[in-house]
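Breakdown of the fold
Read off the chains here:
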Amino acid sequence: MADEFRHVFRAGRIGSLHIPHRIVMGAMHLGLETREDGGAALAAFYAERARGGAGLMITGGAAVSVAGAGGRGYGVLGDVAFRDRLRRVVTTVHDAGGLIALQLFHAGRYASPTAFGVSPVAPSAVHSRFSGSTPQALTAAQIRATVADFARAAALGRELGFDAVEIMGSEGYLVDQFLSPLTNLRDDEWGGDARRRRRFGVEVTRAAREATGADFPIVVRFTGLDLMAGGTPHADVLDFARSLVAAGADALNVGVGWHESPVPSVQAIVPPGAWISVAAAVKAAVGSTPVIASNRVNRVGHAEDILATSGLDFVSMARPFLADPELITRSRRRRPVNVCIGCNQACIDRSLVDGEVSCMVNPRAGRELTALPARSARQLRLAVIGGGPAGLQAAHALASAGHRVDLYEAADGLGGQFRLAGRVPGKADYHATIDYFTADLDRLGVRMHVGRPIGAGDVPLLRAFAGLIVASGVRPRRVEIPGADLPHVLTYPQAFAGGALRGRVAIIGGGGIAVDLAHLAARGPERPDEIERFLRTYGLAAGPAPAAAELEVTILHRGPRIGPRLGRSSRWAVLADLRRHGVRIVSGVRFRRITSDGVHIVDAAGADAVVPADTVVIAAGQTADGVVPALARQAGVWHRVVGGARDADGLDAVRAFAEGFAVTADVVAELEQLTPAVHTTRAGRDAAQGRSGQLLVQGKAGHG
């Protein structure tokens with residue numbers, strides 16, 4: 001084995017379970033657990049990742065009781081139909097050569113009060129901002145019954161054929177609620193001091209061990225750092241870890257943060273690897289017991305570095321397996337990997353509202369029952385116009401189906417608005433998405449023409465193709481504000497290009513682009529010391545907080561709420577970071593004019609005001625490109641318009657990638673049946689287009 005991954009791809013053990021490598025696929029609630037399909041979709045999701053090289057996978061939380069369910073989308077182990085679905089999952093995963101553990105879950109005060117008409121329960125009646133309800137305090141008899149629920153669930157996991165179970169005691173759920181002095185206000189045998197507060201988690205672990213026998217692997221996921229003011233002290237956390245091992249835990253999986261914490265823990269704004277020291281401290285406390293690090297590790301190479309330097313035994317990666325189900329196999333074979341960018345938009349944000357989970361950069365995630373198009377018997381010549389998210393995904397899907405694809409991009413690089421987003425703090429991995437598609441498109445033989453816009457003179461070129469996928473994207477929306485054409489007024493692409501922002505910056509617009517731009521202007525690009533900078537910002541490391549921004553930034557927008565379409569799990573963290581860096585947000589304004597001294601407005605109270613500005617940026621939305629779709633119609637060639645070029649209203653990258661992926665079905669259903677043979681041959685290929693798979697950089701006057 002090459003030294004590059006010698007720690008990651010070394011076999012390991014958790015109790016009696018032999019594991020082929022050191023990456024664990026962490027638990028994710030998928031929204032498929034209650035689908036009435038006999039478990040087909042759930043099984044297909046896990047099996048595809050087992051075939052892609054995943055070792056031990058952990059299911060999303062399976063509620064040990066109705067009161068413990070996190071919402072309507074959670075499976076409850078007392079439900080016979082759910083148990084049948086789980087049996088199918090186990091059989092399918094084992095047939096695919098994988099290993100799978102059942103996560104035993106109780107939400108406590110985080111349970112939905114309306115999901116099943118059952119009141120949430122907790123150690124004490126402490127209101128939850130996350131669920132918006134106050135739970136009922138458990139009686140001593142109810143606590144013992146809940147411990148028994150976990151024990152029965154563990155025994156059921158073994159009976160169903162799972163390879164292990166994981167007790168979910170992290171992220172502020174029930175076990176955590178007993179451990180924390182914030183939520184355990186009892187003064188009986190289950191609370192009152194640190195020893196009694198940790199008793200519930202210890203008893204659950206001991207009961208699970210007794211129910212499953214000595215030879216069945218039990219993992220306990222618990223919180224190594226809750227990020228809550230007045231939360232569980234560090235010494236108590238380490239004592240709890242040692243007590244869990246003594247009670248029968250074969251491994252500890254270390255989580256970070258609660259859902260109510262004011263510190264982000266899994267969002268893109270958190271630098272990858274920020275929490276490794278938390279798991280390392282647990283490892284030092286428990287000695288030879290395997291410890292699994294988790295949260296914000298999205299590359300196998302990063303996991304290798306962690307294992308090589310920290311003494312930790314395993315690394316948990318969850319969302320990265322949404323982005324690329326072949327994460328392990330691709331890494332072993334040194335092939336491009338589709339990296340998780342931590343956006344949360346199609347995964348965590350959907351799970352919070354009982355939706356079915358997917359992935360922005362991999363729309364197939366959660367849709368594994370939908371067969372990929374078989375390689376076409378008729379290889380068609382197709383052109384994709386536009387190299388943003390929709391175009392990249394369409395070119396990839398069509399080339400994977402065996403078609404010969406030419407991709408045309410007007411800008412000097414692929415990625416579209418993803419290239420702009422990659423400059424924003426916390427979003428550097430957006431560039432990794434572009435790198436992945438560029439490399440994999442080259443592997444698939446897609447001919448990429450960069451710096452090559454399609455114009456009126458290219459209609460004959462378009463007619464040479466059997467079909468066109470128009471993904472030419474959006475253009476910045478113009479605003480009718482006097483002075484918008486002054487030299488110090490920029491479009492948002494100009495501002496993102498770098499070097500143009502100076503002094504006092506006023507941003508006109510209140511959507512996600514305006515927020516991203518303010519974030520970049522206030523914080524500046526990412527630096528090598530991002531982890532230290534992040535920890536000092538939140539008071540988690542010694543030293544002063546980072547210095548204030550050099551630029552004075554103000555967001556001006558008409559609406560009442562900034563960033564209304566930002567994802568639920570990330571919006572609060574980003575806006576808090578803006579405030580921390582001194583960004584001023586002025587809502588409910590009307591714009592009068594822009595002058596050399598600033599932006600003249602009428603504020604929400606109806607008063608005239610001037611916002612001083614040396615630079616003004618227009619980030620007031622987008623309009624669909626209409627030029628290339630019109631040329632496609634003029635050419636009279638079969639075509640589909642996808643992404644922002646189809647409709648800019650409500651556009652986000654989730655929709656763009658999804659539409660690019662889905663267009664292959666149109667080609668299969670319509671175009672392959674209609675295309676004359678001339679478009680399936682190599683005859684007539686323009687000689688200027690060069691070899692297959694080449695990245696062709698051409699000037700605006702180029703042809704091909």
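The name that an unreviewed UniProt entry assigns to the chain is 2,4-dienoyl-CoA reductase (NADPH2), with the source organism given as Micromonospora coxensis. Taken directly from UniProt, the Sequence similarities (unreviewed entry) text for the chain runs: "In the N-terminal section; belongs to the NADH:flavin oxidoreductase/NADH oxidase family."

**Structural notes on unusual backbone geometry**
The backbone phi angle of Glu-171 is positive, close to 60°, even though this residue is not glycine. Tracing the chain through its elements places Glu-171 in the loop between β9 (164-169) and α4 (174-179). On the basis of relative accessibility, which here comes to 11%, the residue Glu-171 falls in the buried class. Not every positive phi belongs to a glycine, and Leu-227 is a case in point at roughly 60°. With respect to the helices and strands, the residue Leu-227 is situated in the loop between β10 (218-225) and α7 (234-247).

**Quick look at empty space enclosed by the protein**
Empty pockets left among the atoms are what a rolling probe the size of a water molecule brings to light. In total, this model carries 4 cavities of 30 Å³ or more according to the counting rule given. The volume enclosed by the largest cavity comes to roughly 80 Å³. Contributing to the lining of the largest cavity are 13 residues, with Cys-340, Cys-343, Cys-347, Cys-359 and Met-360 lying nearest its centre. Partitioned by chemical class, the residues of the lining of the largest cavity number 10 nonpolar, 2 polar and 1 charged. Taken together, Ile-269, Arg-523, Glu-530, Arg-533, Phe-534, Thr-537, Tyr-538, Asp-577 and His-581 make up the full set of residues lining the second largest cavity. For the lining of the second largest cavity, the element with the most residues is helix α19 (residues 530-537), which contributes 4 residues. Per-class residue counts for the lining of the second largest cavity are 3 nonpolar, 2 polar and 4 charged.

**Here's the deal with helix α15 (residues 430-443)**
In a regular helix each residue adds 1.5 Å, so 14 residues correspond to 20 Å; α15 covers 20 Å between its end C-alpha atoms and thus fits that length. Buried residues in α15 make contact with α11 (327-332), α13 (389-400), β15 (404-409), α14 (417-421), β16 (447-450) and α22 (653-674). Positive phi appears at Gly-445, one or two residues downstream of α15, with a value of about 85°.

**Some remarks on the confidence of the model for the chain**
For the chain, the mean per-residue pLDDT works out to 93, and 95% of the residues sit at or above 70. Confidence over residues 681-693 falls short of pLDDT 50; this stretch has 29 contacts with residues more than four positions distant or in other chains. Below a pLDDT of 50 lies the segment residues 697-704, which in the model reaches 23 contacts outside its immediate sequence neighbourhood of four places, other chains included.

**Focus: the domain arrangement of the chain**
Assigned domains of the chain: these are domain 1 (12-352), domain 2 (381-476 + 624-672) and domain 3 (489-620). Taken together, the contacts link 17 residues of domain 1 with 13 residues of domain 2. In total, about 1100 Å² of surface goes out of reach between domain 1 and domain 2, with carbon and sulfur atoms giving 54% of it. Per-residue buried area on domain 1 facing domain 2 is highest for Pro-336, Asn-338 and Ile-341; these three make up 42% of the total on that side. Applying the counting criterion to the domain 1 and domain 2 interface returns 2 salt bridges. One salt bridge connects Asp-440 with Arg-330, and the closest N-O pair in it is separated by 3.4 Å. The interface formed by domain 1 and domain 2 includes 3 residue pairs in polar contact (both at pLDDT 80 or more). Here the side of domain 1 that touches domain 2 is built from residues that sort into 10 nonpolar, 3 polar and 4 charged.

**Quick notes on the packing of aromatic side chains**
When we look at a pair of aromatic rings, we describe it by the centre distance and by the angle of the planes. Across all of its chains, the model carries 17 aromatic pairs by this definition. Measuring from ring centre to ring centre gives 5.6 Å for Phe-5 and Phe-9, while their planes differ by 75°; the resulting arrangement is edge-to-face. The residues Phe-5 and Phe-9 share a single accessibility class, namely buried. Residues Trp-275 and Phe-534 carry aromatic rings whose centres are separated by 5.7 Å and whose planes lie at 80° to one another, so their mutual orientation is edge-to-face. On the criterion of sequence distance, the pair formed by Trp-275 in the loop between β11 (251-256) and α8 (276-286) and Phe-534 in helix α19 is long-range, its members being 259 residues apart. Each member of the pair, Trp-275 as well as Phe-534, carries the same accessibility label: buried. Through a chain of ring-to-ring contacts, three or more aromatic side chains come together here, namely Tyr-74, Phe-105, Tyr-110, Phe-130 and Tyr-173. Over the ring of Phe-314 we find Arg-22, and its NZ or CZ is 5.1 Å from the ring centre. Taking the ring centre of Trp-190 as reference, the NZ or CZ of Arg-199 above it sits at 4.2 Å.

**So, helix α6 (residues 199-212)**
Between its first and last C-alpha, α6 extends 20 Å over 14 residues, near the 20 Å set by a 1.5 Å rise per residue. In this structure, the buried residues of α6 make contact with α3 (140-160), β9, α4, α5 (194-197), β10 and α7. Once α6 ends, the next one or two residues include Gly-213, with phi positive near 95°.

**Here's the deal with the pattern of salt bridges**
For the coordinates displayed, the defined rule picks out 46 salt bridges. When the shortest N-O distance is used, the salt bridge between Arg-443 and Asp-440 registers 2.7 Å. With Arg-443 and Asp-440 both in helix α15 and 3 residues apart, the pair spans about one turn of that helix. Residue class for Arg-443 comes out partly exposed when judged on its relative accessible area of 43%. Using a relative accessible area of 0% as the deciding quantity, one classes Asp-440 as buried. The partner of Arg-640 in a salt bridge is Asp-666, with the nearest N and O atoms 3.4 Å apart. With a gap of 26 residues between them, Arg-640 in strand β28 (residues 638-641) and Asp-666 in helix α22 connect regions that are remote in the sequence. You can call Asp-666 partly exposed: its relative accessible area is 25%. Taken together, the shared-partner salt bridges in this structure form one network comprising Arg-144, Glu-189, Arg-199, Glu-203 and Arg-206.

Thresholds applied
Residues numbered from 1 in each chain as written. Predicted model: local features only at pLDDT ≥ 70, side-chain atom pairs only at ≥ 80, totals over all residues. Heavy atoms only, no water. UniProt positions renumbered as here; feature names shortened; annotations may be inferred. Helix = DSSP H or I, 4+ residues; strand = E, 2+ residues; numbered from the N terminus. Buried < 20%, exposed > 50% of the residue type's maximum accessible area, 1.4 Å probe, protein only. 1 Å grid on protein atoms, 1.4 Å probe; cavity = no way out; pocket = protein on both sides within 12 Å on 5 of 7 lines; lining within 4 Å. Points joined across faces, edges and corners; volume = space filled by probe spheres on them. Nonpolar A, V, L, I, M, F, W, Y, C, P; charged D, E, K, R; others polar. Expected span 1.5 Å × (residues − 1). Contact = heavy atoms within 4.5 Å. pLDDT = per-residue confidence, 0-100. Domains from an automatic or database assignment. Buried area = accessible area lost by both parts, 1.4 Å probe. Salt bridge = Lys/Arg side-chain N within 4 Å of Asp/Glu carboxyl O. Polar contact = N/O pair within 3.5 Å; in protein donor to acceptor, adjacent residues only side chain to side chain. Phe/Tyr/Trp six-rings, centres within 6.5 Å; stacked < 30°, edge-to-face > 60°. Lys NZ or Arg CZ within 6 Å of the ring centre and 35° of its normal.

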